[in-house]
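The chain contents come next:
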Amino acid sequence: MKSIGLLSLLLLLVVACSDDDLNSIDAGFIDNLNFVTKDTVFEVAFDNEYIDSVESELNGQFLLGVYEEEAVGKIRSSFVSQLMLPDTIEFYSEIIHPDTIVTRHMDGVILTIPYHSTVRLVEEDGNIFQLDSVFGKSSTDEDDNVIYDGFNVKVHELATFLNPLDPSDPSAVNKYYSNRDYDVDALLRDEIAITISPLDTAAYFTKSLTGDIWRTSFSDKSPFMAIDLDPSYFETKLLDILPEKGGTVPDGLQSQESFIRYMKGLYVEVTSTVGASTVTFPLTNASVDMHYSNVISLVSTGMNIDTIAAVRRFDLGGVKANKHEPLEKASYPRDSDKIYIQGTAGSLSNIKLFDYDDQPGNETILSDELRDLRDLANDDDNNMLWLINEANLLFYADGEEKPSVDKLFLYKKVPSINGAVPYNSQLLDYITASNLSVIDGDLTEEVDEEGKTSYYYKFKITDYMTDLLSGKDASGAVNNRNVDNFGLKIYNPGDYPTSTIDSLVRTPNWNPRGVVLFGGTGDGDTDTKRVKLNINYSYQNR
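Residues numbered from 1 in each chain as written. Predicted model: local features only at pLDDT ≥ 70, side-chain atom pairs only at ≥ 80, totals over all residues. Heavy atoms only, no water.

Colleague: Residue-level account of the overall build of the protein chain, with values.
Modeller: Across its full length, the protein chain holds eight helices and 31 strands. Judged by the C-alpha coordinates and their principal axes, the protein chain covers about 110 × 55 × 45 Å. In the protein chain, which comprises 542 residues, the share counted as buried stands at 48%. Within the protein chain, contacts between residues at least 6 apart in sequence are counted, and of these 77% link residues at least 24 apart. Of the roughly 25,600 Å² that the protein chain leaves accessible, carbon and sulfur atoms contribute 47%. (Helix = DSSP H or I, 4+ residues; strand = E, 2+ residues; numbered from the N terminus. Buried < 20%, exposed > 50% of the residue type's maximum accessible area, 1.4 Å probe, protein only. Contact = heavy atoms within 4.5 Å. Areas by Shrake-Rupley, 256 points an atom, 1.4 Å probe, with all protein chains shown as cover.)

Pasting the structure below:
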């Protein structure tokens with residue numbers, strides 16, 4: 001057996017561990033075999049990295065607004081979307097008889113985007129709602145309604161075709177990253193200030209023939225964002241070419257595929273630069289509603305015999321994607337002794353164990369620290385001596401305030417080796433865990449003996465460390481695998497694997513929040529909060 005004397009070179013802290021501390025195996029089993037159990041704490045290196053872009057075309061949610069996280073960053077979010085042909089494209093639903101004429105008159109066009117909301121109060125004259133999934137600055141009115149700071153937007157007709165398929169591989173879905181630029185044609189709405197309020201439960205437009213004000217709302221009176229669009233554009237682009245019932249359908253309206261080439265979609269662009277709020281939209285029930293009137297007249301006399309209100313709804317659908325723009329990076333300096341994490345196109349951290357070197361060409365070179373540790377954990381025949389009971393990475397939030405981020409996510413960043421494409425991969429513990437909550441990453445509150453509150457995020461990487469320190473790989477050959485560079489980011493729904501073969505980690509993220517974590521070593525209280533790797537292991541005392 002190799003000398004245990006090397007242990008003093010590697011272990012920063014070694015203490016006896018009680019049976020209650022062992023979570024991964026049966027402590028009684030260890031006692032019966034005369035095992036010695038120890039705790040080991042290792043230093044962890046890290047560096048911060050700005051996120052260039054994230055995939056956004058398959059988002060479950062889409063952001064709109066300007067979100068500023070103090071000490072972390074400010075991100076402006078806009079979105080693009082195609083429009084869907086309605087089921088009925090005729091401008092008038094009845095057969096037009098030879099003795100009558102039906103004339104179309106545009107009334108108004110409204111971009112309608114429902115908020116996430118829940119009922120706050122039930123009252124006789126209607127429910128009172130509150131907005132959900134809005135991030136940022138807010139105030140409360142005299143009736144306890146939370147009103148969020150607004151921002152300015154423009155709406156454009158897209159000139160960029162949002163191809164749903166990858167032109168280089170038509171069998172694959174096209175990817176739209178959050179730093180992509182889009183060309184535009186017509187301006188459908190000049191800059192307008194948007195308010196974010198649960199009281200916005202109706203939109204209004206003026207009837208062109210009478211001047212009457214008409215009101216439109218959802219049947220449950222739930223709140224939504226409403227943006228008036230240029231009626232003359234839609235009159236020429238759509239209303240004037242809608243066919244009569246049984247008439248010839250224009251080329252651009254023949255199918256959904258032809259429609260998205262005729263009218264490529266909308267670009268809802270946020271123009272503000274001041275941190276305010278960002279709204280999370282599902283966009284599943286969002287639409288462009290084109291309101292108009294059909295005037296029925298007699299051919300013989302020209303007399304108007306009826307006026308019928310009509311609406312054609314063009315749902316937002318097909319390809320949808322976010323555009324995220326980090327603003328004023330220089331205003332948010334990075335302290336090298338802290339870890340900065342922000343979602344969307346914010347920032348992540350590279351977490352490095354055992355002197356991992358991520359410089360190109362060095363990714364496969366094992367450090368002396370890892371070689372020595374693997375020597376200690378195995379006998380001369382590379383059989384594992386150590387039983388890893390638990391291995392944890394612990395990250396404390398910087399400061400005393402409770403962070404707004406509820407959960408972080410840890411993953412492997414596989415580098416480009418021999419020209420291979422780099423990618424992100426799941427940790428072994430995520431694949432093997434019967435319950436993903438065991439891995440954790442959730443925000444946890446801690447109160448010390450003096451009543452002082454701290455917050456931390458902990459990740460259990462027991463299976464990963466067992467696999468890394470083992471003297472043999474899965475084939476039985478000598479294990480020469482290097483430790484991985486870990487990425488630490490804001491958790492997003494869909495990050496966890498869905499099966500044992502779902503190993504890739506994709507980049508979509510629609511949580512703009514951020515958190516600052518304590519990073520380096522220090523004295524006194526700060527020393528206990530430095531980022532650290534703790535390994536609890538046992539070996540047989542022979």
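Colleague: Outline helix 7 (residues 462–469), supporting the account with residue identities and numerical values.
Modeller: Those residues of helix 7 not exposed but buried are T462, Y464, M465, L468 and L469. An end-on view of helix 7 places all buried positions within 160° of arc, on one side of the element. (Arc of directions from axis to C-beta.)

Colleague: Can you explain unusual backbone geometry? Please cite residues and give values.
Modeller: Of note in this structure, T344 is not a glycine but carries a positive phi near 50°. Looking at where T344 falls in the secondary structure, it is placed in the loop between strand 22 (338–342) and strand 23 (347–352). One non-glycine residue with positive phi stands out, namely D355, at about 60°. Mapping D355 onto the fold places it in the loop between strand 23 and helix 5 (368–377).

Colleague: How would you explain the side chain of S258 if you had to name every residue and give the values?
Modeller: In this structure, S258 sits in helix 4 (residues 256–262). Residue S258 is classed as buried on the basis of its relative accessible area of 19%. In contact with S258, not counting residues within four places along its chain, are D251, G252 and L253.

Colleague: Quick rundown of the nonpolar core? Include the residues and the values.
Modeller: Formed by 53 residues in total, the largest nonpolar core has its most connected members in F354, W386, L393, L408, I461, M465 and L533. With residues near it in sequence (within four places) discarded, L393 still touches V44, I351, L353, L410, Y457, K458, F459, I461, F486, K532 and L533. Judged by nonpolar contacts, the second largest core, of 52 residues, contains V102, Y115, L242 and I296. (Core = buried A, V, L, I, M, F, W, Y, C linked by side-chain atoms within 4.5 Å.)

Colleague: Describe the pairing of strand 24 (residues 387–396), with residues and values.
Modeller: Buried residues dominate strand 24, accounting for nine of its ten residues. Examined bridge by bridge, strand 24 and strand 31 (residues 532–540) share seven bridges and lie antiparallel to one another. Among the inter-strand pairings, L394 is bridged to a residue of strand 31, identified as K532. (Pairing = 2+ DSSP bridges.)

Colleague: Lay out the side chain of S272 with the relevant residues and their values.
Modeller: Note that S272 resides in the loop between strand 18 (266–270) and strand 19 (277–281). S272 sits in the buried class, given a relative accessible area of 14%. At a separation of 2.7 Å, a polar atom in the side chain of S272 contacts the main-chain amide nitrogen of N152. When residues no more than four places from it in sequence are discounted, the contact partners of S272 are V66, R76, F151, N152 and L327. (Polar contact = N/O pair within 3.5 Å; in protein donor to acceptor, adjacent residues only side chain to side chain.)

Colleague: So what's going on with the pairing of strand 19? Which residues, and what values?
Modeller: Buried residues dominate strand 19, accounting for five of its five residues. In strand 19, alternate side chains face the same way, and those of S277, V279 and F281 on one face and T278 and T280 on the other are all buried. With three bridges joining them, strand 9 (residues 134–136) and strand 19 adopt antiparallel strand pairing. Within strand 19, the residue paired with V134 across the bridge is V279.

Colleague: Go over the environment of I110 with me, naming the residues and quoting the values.
Modeller: Mapped onto the elements, I110 comes out in strand 6 (residues 100–114). Distance from I110 to L533, taken between C-alpha atoms, is 55 Å for residues 423 residues apart in sequence. Leave out the neighbours within four places in its chain, and I110 touches A203, Y204, F205, T216, A226, I227, D228, S287, V288, D289 and H291.

Colleague: Residues and numbers for the packing of aromatic side chains, please.
Modeller: Counted under the stated rule, the structure contains 19 aromatic pairs. Residues F42 and F354 carry aromatic rings whose centres are separated by 5.4 Å and whose planes lie at 85° to one another, so their mutual orientation is edge-to-face. On the criterion of sequence distance, the pair formed by F42 in strand 2 (residues 35–43) and F354 in the loop between strand 23 and helix 5 is long-range, its members being 312 residues apart. F354 shares its class with F42; the two are buried. Aromatic side chains F218 and F224 sit 5.1 Å apart centroid to centroid with 80° between the ring planes, which places their arrangement in the edge-to-face category. Assessed through its relative accessible area of 4%, F224 is described here as buried. One residue, K237, lies across the ring of Y262, its end atom 4.4 Å from the ring centre. Geometry around F161 places R261 over its ring, the cationic atom sitting 4.2 Å from the centre. (Phe/Tyr/Trp six-rings, centres within 6.5 Å; stacked < 30°, edge-to-face > 60°. Lys NZ or Arg CZ within 6 Å of the ring centre and 35° of its normal.)

Colleague: Report on helix 5, specifying residues and quantitative values.
Modeller: Listed as buried for helix 5 are E369, L370, L373, R374, L376 and A377. Buried residues along helix 5 cover an arc of 160° about the axis, so they all sit on one side.

Colleague: Quick one: what's the story with the pattern of salt bridges, residue by residue and with numbers?
Modeller: Oppositely charged side chains may form a pair once their charged atoms are brought near each other. Following the criterion strictly, the structure yields 15 salt bridges and no others. Put simply, K74 and E328 hold a salt bridge, and the shortest N to O gap is 3.1 Å. Here the residue K74 occupies a position in strand 5 (residues 73–83), and E328 occupies one in the loop between strand 21 (304–327) and strand 22, the gap between them amounting to 254 residues. The class of K74 is buried, set by a relative accessible area of 7%. Given a relative accessible area of 42%, E328 falls into the partly exposed group. Residues participating in the shared-partner salt-bridge network are D467, R481 and D484. (Salt bridge = Lys/Arg side-chain N within 4 Å of Asp/Glu carboxyl O.)

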